[in-house]
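Descriptive analysis of the structure
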Number of protein chains: 2
Amino acid sequence: MKSKKDEIGSLAVTFREHDHAKCASLLLDAARDLCAERGLRLTPVREKVLKLLLKSHAPLGAYDILAELSTSGFRAQPPVAYRALDFLVENGLAHRIEKINAFVACSQPHAKHSPIFMICNDCEQVAETSIKSQGSSLDRTARAIGFDIRHTVVEVEGLCAACRERAPL
Amino acid sequence: MKSKKDEIGSLAVTFREHDHAKCASLLLDAARDLCAERGLRLTPVREKVLKLLLKSHAPLGAYDILAELSTSGFRAQPPVAYRALDFLVENGLAHRIEKINAFVACSQPHAKHSPIFMICNDCEQVAETSIKSQGSSLDRTARAIGFDIRHTVVEVEGLCAACRERAPL
DNA sequence: GAAGTTAATGTTATATTATAACATTGTTGT
DNA sequence: ACAACAATGTTATAATATAACATTAACTTC
Ligand SMILES: [Zn+2]
Ligand SMILES: [Zn+2]
Ligand SMILES: [Zn+2]
Ligand SMILES: [Zn+2]
């Protein structure tokens, strides 16, 4: 049984001081492992896009990525970015954040999960946590009306603790 | 204390047989009342857009609305639609559904609420229900990490009961 | 390893969604 | 009537995303 502290630590490292270089490199390794296991090809563009997303916990728009790709010797037509992002999203290595039309690296790529995002409107970082869908209020309501859930979007906007301290209110 | 049946009836009428003409007219009246109470101006374009949204429980894109406006003698430049939609959304008469870049009339315009949408991928109708934010898992996680929630997006995609019956699996 | 097959990338063009900026008109309060 | 503000009209463009088709690379299977 995990302690509450563990839970917070593992789920919302984004808004806490942490060794992000390590954070990013562990996730990159995890992605490589996952692709190897599943016979997926983490091609140069795909890996590059993942690395760009892993640079920070702030999401990037498709055109931000495109711009960075073009300064790194990759082709820079929109489909290049969207295809790589599609691959990453379809395979659980990244998520799309609907509210802001942007993408983040997944912070728990192996586990099958329904992510929840907390988007700080000030520092623009995004923390990923997870829904426990079994028995949730959402799940119960859906069952009650016979709705079969295929995909869930949960995104909250607000201010992270650090930003609230910096600029109270 | 409401019964479970009441709760379902009031919250997810979308996917059930119902007198939608009545449904729409009650909501239009509610909107007029609400604007009168708050000193808001439900101008012709704004009312027309609300009526368009109230035609069904299927959401409309801004450009769908624009097209309908132009066939009704209104000006049809994008800002016309977006401004009316902004007004309706800001004042709680409509909601934007992020996942599909579209808008629906709010089904409970008086109550302050955090809506949840259930989007049927087959019939494309959307049911609105509500989060009980107090004490929810989301709320607890946010508190635990000191995140101050300003706005919540909860949208689920899947199949409604009727569509599942029509086309099993 | 040559030929066939599928997956991935390259490239051009265009579709879709949304906003900036500024001019004009209408409404409200004095 | 006048000022002040709210709403609408209008032009232009920004930002996001996909369609379609050509080319190249990778993986089979013989
Ligand atoms: Zn990190
Ligand atoms: Zn922050
Ligand atoms: Zn109805
Ligand atoms: Zn349906």
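The rules behind the values
- Residues numbered from 1 in each chain as written.
- Chains lettered and ligands numbered in written order.
- Predicted model: local features only at pLDDT ≥ 70, side-chain atom pairs only at ≥ 80, totals over all residues.
- Heavy atoms only, no water.
- Least-squares fit on C-alpha atoms with pLDDT ≥ 70 in both.
- Contact = heavy atoms within 4.5 Å.
- Donors = N, O, S within 2.8 Å, 3.2 Å for Na, K, Ca; no water.
- Tetrahedral: all angles 85-135°; square planar, octahedral: opposite > 155°, others 65-115°.
- Buried < 20%, exposed > 50% of the residue type's maximum accessible area, 1.4 Å probe, protein only.
- Helix = DSSP H or I, 4+ residues; strand = E, 2+ residues; numbered from the N terminus.
- Axes fitted to C-alpha atoms, helices over the stretch in contact; angles between N-to-C directions.
- Left-handed = near helix turned anticlockwise from the far one by under 90°.
- Nonpolar A, V, L, I, M, F, W, Y, C, P; charged D, E, K, R; others polar.
- Core = buried A, V, L, I, M, F, W, Y, C linked by side-chain atoms within 4.5 Å.
- Buried area = accessible area lost by both parts, 1.4 Å probe.
- Polar contact = N/O pair within 3.5 Å; in protein donor to acceptor, adjacent residues only side chain to side chain.
- Pairing = 2+ DSSP bridges.
- Near = heavy atom within 4 Å.

Considerations on the relation of the copies chain B and chain A
After a rotation of 180° and a shift along the axis of 0.0 Å, chain B superposes on chain A with an RMSD of 0.0 Å. Taken together, the rotation and translation describe the operation of a two-fold axis. Using C-alpha coordinates, one finds that chain B approaches the rotation axis most closely at valine 154 of chain B, a distance of 2.3 Å. In this assembly the copies share their binding face: 100% of the residues contributing to the interface of chain B also contribute to that of chain A.

Things to note about the coordination of the zinc ion (ligand 1)
Residue and element names in this part refer to chain A. Looking at the zinc ion (ligand 1), one finds its protein donor set to be His18 (NE2), His20 (ND1), Cys23 (SG) and His57 (NE2), positioned 2.0 to 2.4 Å from the metal centre. One can describe the donor arrangement at the zinc ion (ligand 1) as tetrahedral, given that its four donor atoms subtend angles of 102 to 119° at the metal. Mapped onto the sequence, the residues coordinating the zinc ion (ligand 1) show the spacing H-x1-H-x2-C-x33-H. Accessibility expressed as a relative area gives 27% for histidine 18, which makes it partly exposed.

Looking at the environment of leucine 40 of chain A
Residue and element names in this part refer to chain A. Examined against the element boundaries, leucine 40 turns out to sit in the loop between helix H2 (20-38) and helix H3 (44-54). On the basis of relative accessible area, leucine 40 is assigned to the partly exposed category, the value being 24%. Taking C-alpha positions, leucine 40 is 8.8 Å from asparagine 91, a pair spaced 51 residues apart along the chain. Once residues lying within four places of it in the same chain are set aside, the contact partners of leucine 40 are Leu34, Cys35, Phe87 and Asn91.

Here's the deal with the packing of helix H3 (residues 44-54) of chain B against helix H4 (residues 62-70) of chain B
Residues and elements named next belong to chain B. As a packed pair, H3 and H4 sit with axes 10 Å apart at the nearest point and diverge in direction by 115°. Once H3 is placed against H4, the crossing between them reads as right-handed. Residue-level inspection shows Val45, Lys48, Val49, Leu52 and Leu53 of H3 in contact with H4, the latter providing Ile65, Glu68 and Leu69. Broken down by class, the residue content of the contact of H3 with H4 amounts to six nonpolar, no polar and two charged.

Considering the nonpolar core
Residues Phe15, Met118 and Phe147 of chain A together with Phe15, Met118 and Phe147 of chain B are the most contacted members of the largest nonpolar core, which totals 31 residues. Contributions of two or more residues to this core are made by strand S3 (115-120), helix H6 (137-145) and strand S5 (148-159) of chain A together with strand S3 (115-120), helix H6 (137-145) and strand S5 (148-159) of chain B. Residues contacting phenylalanine 15 of chain A, with those up to four places away along its chain left out, are Met118, Cys120, Cys123, Gln125, Ala127 and Cys160 of chain A together with Ile145 and Phe147 of chain B.

Some thoughts on the interface of chain B and chain A
As a measure of interface size, the accessible area lost when the parts come together is often cited. Each side of the interface is counted separately: chain B has 36 residues, and chain A has 36 residues. Buried surface at the junction of chain B and chain A, summed over both partners, amounts to about 3100 Å²; 67% is from carbon and sulfur atoms. When the buried surface of chain B facing chain A is broken down by residue, Met118, Ile145 and Phe147 of chain B rank first, second and third, together holding 20% of it. Counting every contact that joins chain B to chain A gives twelve residue pairs in polar contact (both at pLDDT 80 or more). Listing elements by their share of the side of chain B that touches chain A, those giving two or more residues are helix H1 (4-11), S3, H6, S5 and helix H7 (161-166) of chain B. For the side of chain B that touches chain A, the element with the most residues is S5 of chain B, which contributes twelve residues. For the side of chain B that touches chain A, the residue count by class is 20 nonpolar, seven polar and nine charged. In terms of strand pairing, S5 of chain A meets S5 of chain B through eleven bridges, oriented antiparallel. Opposite leucine 159 of chain A, over in S5 of chain B, you have aspartate 148 of chain B as the bridge partner.

Here we look at the sheet that holds S5 of chain B
As summarised here, the arrangement of the six strands in space is S4(A)-S3(A)-S5(A)-S5(B)-S3(B)-S4(B), forming an open sheet in which the pairing is mixed. The open sheet is flanked by strand S4 (126-130) of chain A together with strand S4 (126-130) of chain B, the only strands paired with a single partner. This sheet shows a mean twist of 20° between the axes of neighbouring strands, independent of strand direction. Bridge analysis of S3 of chain A against S5 of chain A gives five bridges, and the strand direction is parallel. For isoleucine 119 of chain A, the partnering residue across the bridge sits in S5 of chain A and is glutamate 157 of chain A. Packed on one face of the sheet, H6 of chain A meets S5 of chain A together with S3, S4 and S5 of chain B and runs near 45° to S3 of chain B. Against the sheet, H6 of chain B touches S3, S4 and S5 of chain A together with S5 of chain B, its axis set at about 45° to S3 of chain A.

Thoughts on the protein's contact with DNA strand D
In the vicinity of DNA strand D, 16 residues are found, and the nearest of them are Tyr63 and Arg96 of chain A together with Thr43, Arg75 and Arg83 of chain B. Sugar and phosphate atoms constitute 46% of the interface atoms of DNA strand D, taking the interface as everything within 4 Å of the protein. Note that a base nitrogen of DNA strand D is positioned 3.4 Å from one of the side-chain N or O atoms of arginine 83 of chain A. Arginine 46 of chain B is positioned with one of its side-chain polar atoms (N or O) 3.5 Å from a phosphate oxygen of DNA strand D. Elements supplying a minimum of two residues to the surface near DNA strand D: helix H5 (78-90) of chain A together with H3 and helix H5 (78-90) of chain B. Sort the elements by how many residues they give to the surface near DNA strand D and H5 of chain A lands first, with four residues. For the surface near DNA strand D, the residue count by class is six nonpolar, three polar and seven charged.

Topic: the coordination of the zinc ion (ligand 4)
All names here are of chain B. Taken together, Cys120 (SG), Cys123 (SG), Cys160 (SG) and Cys163 (SG) make up the protein donors of the zinc ion (ligand 4), found 2.2 to 2.4 Å from the metal. Here the donor residues of the zinc ion (ligand 4) are spaced in sequence according to C-x2-C-x36-C-x2-C. With cysteine 123 in the loop between S3 and S4 and cysteine 163 in helix H7, this residue pair connects regions lying 40 residues apart in the sequence. Classification of cysteine 123 as partly exposed rests on a relative accessible area of 25%. By relative accessible area, which is 1% here, cysteine 163 ends up buried.

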